[in-house]
Amino acid sequence: MAPPADPFEITDDPVPAASEPARRAVASTAHLDGLNDEQRLAVTHQGGPLLVLAGAGTGKTRVLTSRIAHLLITGRARTSQILSVTFTNKAAREMLDRVASLIGGAADGMWLGTFHAIGVRVLRRHAELVGLKSNFTILDTDDQTRLIKQLLQAEGIDDKKWPARVLSGIIQRWKDRALTPDKVSGDEAGEFAGGKAAEIYRQYQERLAEVNAVDFGDLVMHCVTLWQKHPDILEIYHRRFRHILVDEYQDTNVAQYLWLRLLAQGTQDICCVGDDDQSIYGWRGAEVGNILRFEKDFPGATIVRLERNYRSTPHILAAASHLISHNEGRLGKTLWTEMKEGERIAVRGVWDGGEEARGIGEEIEALQRDKHRLSQIAILVRAGFQTREFEERFITMGLPYRVIGGLRFYERQEIRDALAYCRVTVQHDDDLAFERIYNTPRRGLGESALRTLRLIQRTQKISLFEATRRALETDELKGRQRKSLGELIANFERWRSMLDVSSHVKVVETILDESGYTDMLRLDRSPEAEGRLENLRELTTGLQEFDSSLPAFLEHVALLTDMADRSDTDMVSLMTLHAAKGLEFDTVFLPGWEEGVFPNQRALDDKGLAGLEEERRLAYVGLTRARKRAYVSFAANRRIFNQWQAAIPSRFLRELPVGHLAESSDAGLYATYSAGHHGGLRDQSSGFDYENLGSGGARRTRWRDETLDDRRAVEGDKPDLNVGQRVFHQKFGYGRIVAVDGNKLDIEFEKAGPKKVLDSFIEAA
Ligand code: ATP
Ligand code: MG
């Protein structure tokens, strides 16, 4: 007899049992072929919680997909009975593809996605039980902050002193821990607005319910609440999801962990895979402790460790393993490979970011000539803004590229906004640009002001800018609108007149300052805001490098974006280290290994040792993306805020064992720099002797034009440099030494003014 109808029956199971892959591929074991013993154990393990805890490239994701295939092929499960969670949409798509190729057909009806995507599906079905309607909207961070701001205003809390963004972050962290307003203790409330944060949080949740909306954190937290309060509903999911599989488990936060634990109470058939050394989302509430506690939380759990790495060459593996061994908070593991030696890691010292981008571009061209596919090449940077230099270079070279997990530099919101300001400055009649920014940052100009202006624009057949000017001469605009638009028009006129007398860089800086755009981002304390500010700074760096006028720069950018719109399939990938998790490439370039850039200064300032260890895990993730070739580079000079600064090579370079670095590496060059910084340390663990490594480590490299060789020549036979001496520097020209501090010199340059530089770049004049 059929079971009684379930009021919440989940009906989207389009695959009738008879057509399940299990019935199609009778007892095939092809999906187990080639797996090693431990992998096979994990794939075929039955009943009870299972944790696969293993280093990078050991086949964790492969185990997960093979396990899904195994469940289906052996008939132990139907697609609808499997729930699989991963970290990004891209990873989810790749997993679906892998499963499909293993079972020889699409795995229709399987729930495989991110926590958020699955959370939405659950909540749409039971929205009423958490106080929502099933057609609820999902707010983005902007909406979220606006709502919080309204609540702060209603409470009479000064938004300048206690910015809505900050509270939004606090609330997000509470949600990461599944703390509903009633669970936030007095201690948790903290300093914000004299301890009122928890109260505003309560109001915020009420308001969200009133407007039938959720934010991202709710997508997980509401599920937890739903299942905790309604065991009957949880029961439905227990009946449905007989097998749960989780990738990248080390990066789950507390809410996601509770979510999983509730679901797993059903059959206890939960399989999590992860690597404590790859936990890189601590700043977003990920708790590496979840993975370390697995056995306690899931009694009787089986733990499988995988030690054989199938991805990288021994040199890459050894270097990454050695680097990560500098972290204290880790379980520690051994990795081995049967692969042949392969290429050593190349460490390259370059003069500046431009040279780094050129060098990497040339190297990629060389690989291309050797018939390497571009899709097998990636450049992994620490922060989003770093992609600009490469993008410009690649576009100039005509090298197709894509930015993964983000937008191309000139397509990013803040860059488009800034460019829109520039466009209106240059050409007042650029209506599209004007519309884009006329109320960004907010100036109290809503739709009604725009309607008025559009009417004038249409009837008089003039531009919006001109329409505004005319409206200001009449009484069409009132109060705040009049004031704001009056200021805006006056600003644009002034900025334009500046173009005749000031440098284009100065004009753009002024525009960003006076328009309030920079301040808007500064007050915005969300993690994204910092990245946006960095992008704006990078824009002015780009402008500086472009030695011409603002109109010419705008044209340059317009052409860049046009050229970038190619749809080649074979493209180089550019992305942040965070976005590279789980991916692999034959060749990986890791530029910008300099103190402050990587490790990131903010991470160090905010989190101290914990921050440093998370940065090191990022370095480990970066190196272990490479199958065959890894190139690490650092520049001696970076332009930051339009100032050239001498950069100090990253401490992580010092943690790469010299025995695995290419002969041609600039290890010696690096050692020369680091001697000043680290006081000539000898790193016992890596056998890297910083005191005695002079120019010996630095031999010819394919990557360089003569400047580096010049530098080496100088290093090999360094003249005594004394205060008062006249010297020559390749970038800054002639100058006189004012002070000597280790290997750093203060020099008063004849043209470039006072600068701090490294002695390696100086020649006696
Ligand atoms: P990460 O920690 O980076 O997520 P991972 O542990 O998930 O890595 P996978 O991506 O599953 O590792 O596997 C790494 C590479 O090794 C893939 O190319 C995969 O196909 C290959 N691989 C895994 N196991 C085997 C095996 N038994 N035989 C051959 N190749 C394998
Ligand atoms: Mg993986």
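Reading guide: rules and limits
Residues numbered from 1 in each chain as written. Chains lettered and ligands numbered in written order. Predicted model: local features only at pLDDT ≥ 70, side-chain atom pairs only at ≥ 80, totals over all residues. Heavy atoms only, no water. Helix = DSSP H or I, 4+ residues; strand = E, 2+ residues; numbered from the N terminus. Buried < 20%, exposed > 50% of the residue type's maximum accessible area, 1.4 Å probe, protein only. Contact = heavy atoms within 4.5 Å. Areas by Shrake-Rupley, 256 points an atom, 1.4 Å probe, with all protein chains shown as cover. Phe/Tyr/Trp six-rings, centres within 6.5 Å; stacked < 30°, edge-to-face > 60°. 1 Å grid on protein atoms, 1.4 Å probe; cavity = no way out; pocket = protein on both sides within 12 Å on 5 of 7 lines; lining within 4 Å. Points joined across faces, edges and corners; volume = space filled by probe spheres on them. Nonpolar A, V, L, I, M, F, W, Y, C, P; charged D, E, K, R; others polar. Domains from an automatic or database assignment. Polar contact = N/O pair within 3.5 Å; in protein donor to acceptor, adjacent residues only side chain to side chain. Disulfide = S-S within 2.5 Å. Pairing = 2+ DSSP bridges. Right-handed = clockwise from strand over helix to strand, strands pointing away. Axes fitted to C-alpha atoms, helices over the stretch in contact; angles between N-to-C directions. Parallel < 35°, antiparallel > 145°, perpendicular 65-115°, else oblique. Arc of directions from axis to C-beta. Near = heavy atom within 4 Å. pLDDT = per-residue confidence, 0-100.

**Remarks on the overall build of the chain**
Scanning the chain from terminus to terminus reveals 30 helices and 22 strands. Per-residue burial over the chain gives 55% buried out of 765 residues. Put simply, 74% of the contacts in the chain that link residues at least 6 apart link residues at least 24 apart. Taken as a whole, the chain presents about 32700 Å² of accessible surface, with 49% of it coming from carbon and sulfur.

**Things to note about the packing of aromatic side chains**
For the structure shown, the criterion picks out 25 aromatic pairs. Consider the rings of Phe115 and Trp259, whose centres lie 5.2 Å apart with planes at 80°: the pair is edge-to-face. Of this pair, Phe115 sits in helix α5 (residues 115-126) while Trp259 sits in helix α12 (residues 254-264); the two residues are 144 residues apart in sequence, bridging distant segments of the chain. Like Trp259, Phe115 is buried. With 4.7 Å between their ring centres and 35° between their planes, Phe294 and Phe298 make a pair best called tilted. Its relative accessible area of 0% is what places Phe294 among the buried residues.

**Description of the layout of surface pockets**
Taking a probe equal in size to a water molecule and rolling it over the atoms shows the remaining empty space. Its volume calculated, the second largest pocket comes out at about 1400 Å³. As for the second largest pocket, its lining consists of 39 residues, and the residues nearest its centre are Lys149, Pro441, Arg442, Arg443 and Met520. Here the residues of the lining of the second largest pocket sort into 11 nonpolar, 11 polar and 17 charged. Taken domain by domain, the makeup of the lining of the second largest pocket includes at least three residues from each of domain 2 (137-211) and domain 4 (411-553).

**Structural notes on the side chain of Ser650**
With respect to the helices and strands, Ser650 occurs in the loop between β15 (643-646) and α28 (651-654). Within the structure, Ser650 has its side chain in polar contact with the backbone nitrogen of Phe652 (distance 3.0 Å).

**Overview of the state of the cysteines**
For the structure shown, the criterion picks out zero disulfides. You can see Cys272 has no disulfide; the closest cysteine sulfur is in Cys271, sitting 6.8 Å from it. With relative accessibility at 0%, the residue Cys272 sits in the buried group.

**So, the pairing of strand β2 (residues 82-86)**
Burial within β2 is extensive, with five of its five residues counted as buried. Burial along β2 is two-sided: the face carrying Ile82, Ser84 and Thr86 and the face carrying Leu83 and Val85 are both buried. Across four bridges, β2 lies against strand β6 (residues 243-246) in parallel orientation. Looking at β6, one finds that Ile82 is bridged to His243. As paired strands, β2 and strand β3 (residues 111-114) are joined by four bridges and run parallel to one another. Opposite Leu83, over in β3, you have Trp111 as the bridge partner. For the segment spanning β2, helix α4 (residues 89-103) and β3, crossover handedness is right-handed.

**A short note on the packing of helix α7 (residues 164-176) against helix α9 (residues 197-210)**
The contact between α7 and α9 brings their axes to 11 Å, and the two run at 80°. The angle between α7 and α9 places the two elements in the roughly perpendicular class. Along its contact with α7, which presents Leu167, Ile171, Trp174 and Lys175, the element α9 presents Ala197, Ala198, Ile200, Tyr201, Tyr204, Gln205 and Leu208. Partitioned by chemical class, the residues of the contact of α7 with α9 number nine nonpolar, one polar and one charged.

**A few points about helix α2 (residues 37-44)**
Side chains three or four residues apart in an α-helix point the same way, a direct result of the helix having 3.6 residues per turn. Taken together, the buried positions of α2 are Gln39, Ala42 and Val43. Looking straight down α2, one finds that the buried residues subtend no more than 100° of arc, so they occupy a single side. Buried residues belonging to α2 abut β1 (50-54), α3 (60-73) and β8 (302-306). N-cap assignment for α2: the residue whose side-chain oxygen lies 3.2 Å from the backbone N of Glu38 is Asn36.

**As for the pairing of strand β10 (residues 377-381)**
For a regular strand, the rule is simple: side chains alternate between the two faces of the sheet. Of all the five residues making up β10, five are buried; the element is thus mostly covered by neighbouring parts of the structure. Residues Ile377, Ile379 and Val381 point to one face of β10 and Ala378 and Leu380 to the other, with burial holding for every one of them. In this structure, β10 lies alongside strand β13 (residues 585-590), joined through three bridges in parallel fashion. Looking at β13, one finds that Ile379 is bridged to Phe589. Sheet topology note: the β10/strand β12 (residues 572-576) ladder contains four bridges and is parallel.

**Digging into the site of ligand 1**
Not every one of the 18 residues close to ligand 1 is listed here, only the nearest: Lys60, Thr61, Gln278, Glu584 and Arg625. One nitrogen or oxygen atom from the side chain of Gln39 is found 2.8 Å from a nitrogen atom belonging to ligand 1. When ligand 1 sits alone it has 630 Å² of accessible area, and the protein chains cover 86% of it. The element contributing the most residues to the shell around ligand 1 is α3, with three residues.

**Digging into unusual backbone geometry**
Most peptide bonds take the trans form, and the phi angle of most residues other than glycine is negative. Residue Pro441 is reached from Thr440 by a cis peptide bond, and omega for that bond is -5°. Relative to the elements of secondary structure, Pro441 occurs in the loop between α19 (431-437) and α20 (447-460). With omega at 5°, the peptide bond leading from Phe598 into Pro599 counts as cis. Positive phi, normally seen in glycine, also occurs at Asn212, with a value near 55°. Within the secondary structure layout, Asn212 lies in the loop between α9 and β5 (213-214). A residue is classified by how much of its surface remains accessible, and Asn212, at 11% relative accessible area, is buried. For Lys461, which is not glycine, the phi torsion reads 55° and is therefore positive. For Lys461, the position within the fold is in the loop between α20 and α21 (464-473). On the basis of relative accessibility, which here comes to 75%, the residue Lys461 falls in the exposed class.

**Description of the confidence of the model for the chain**
On average, residues of the chain score 84 in pLDDT, and 87% of them are at 70 or above. Low pLDDT, under 50, characterises residues 1-25; the stretch is placed with 38 contacts to residues that sit more than four places away or in other chains. Low pLDDT, under 50, characterises residues 671-718; the predicted model gives this stretch 111 contacts beyond four residues in sequence or across chains.

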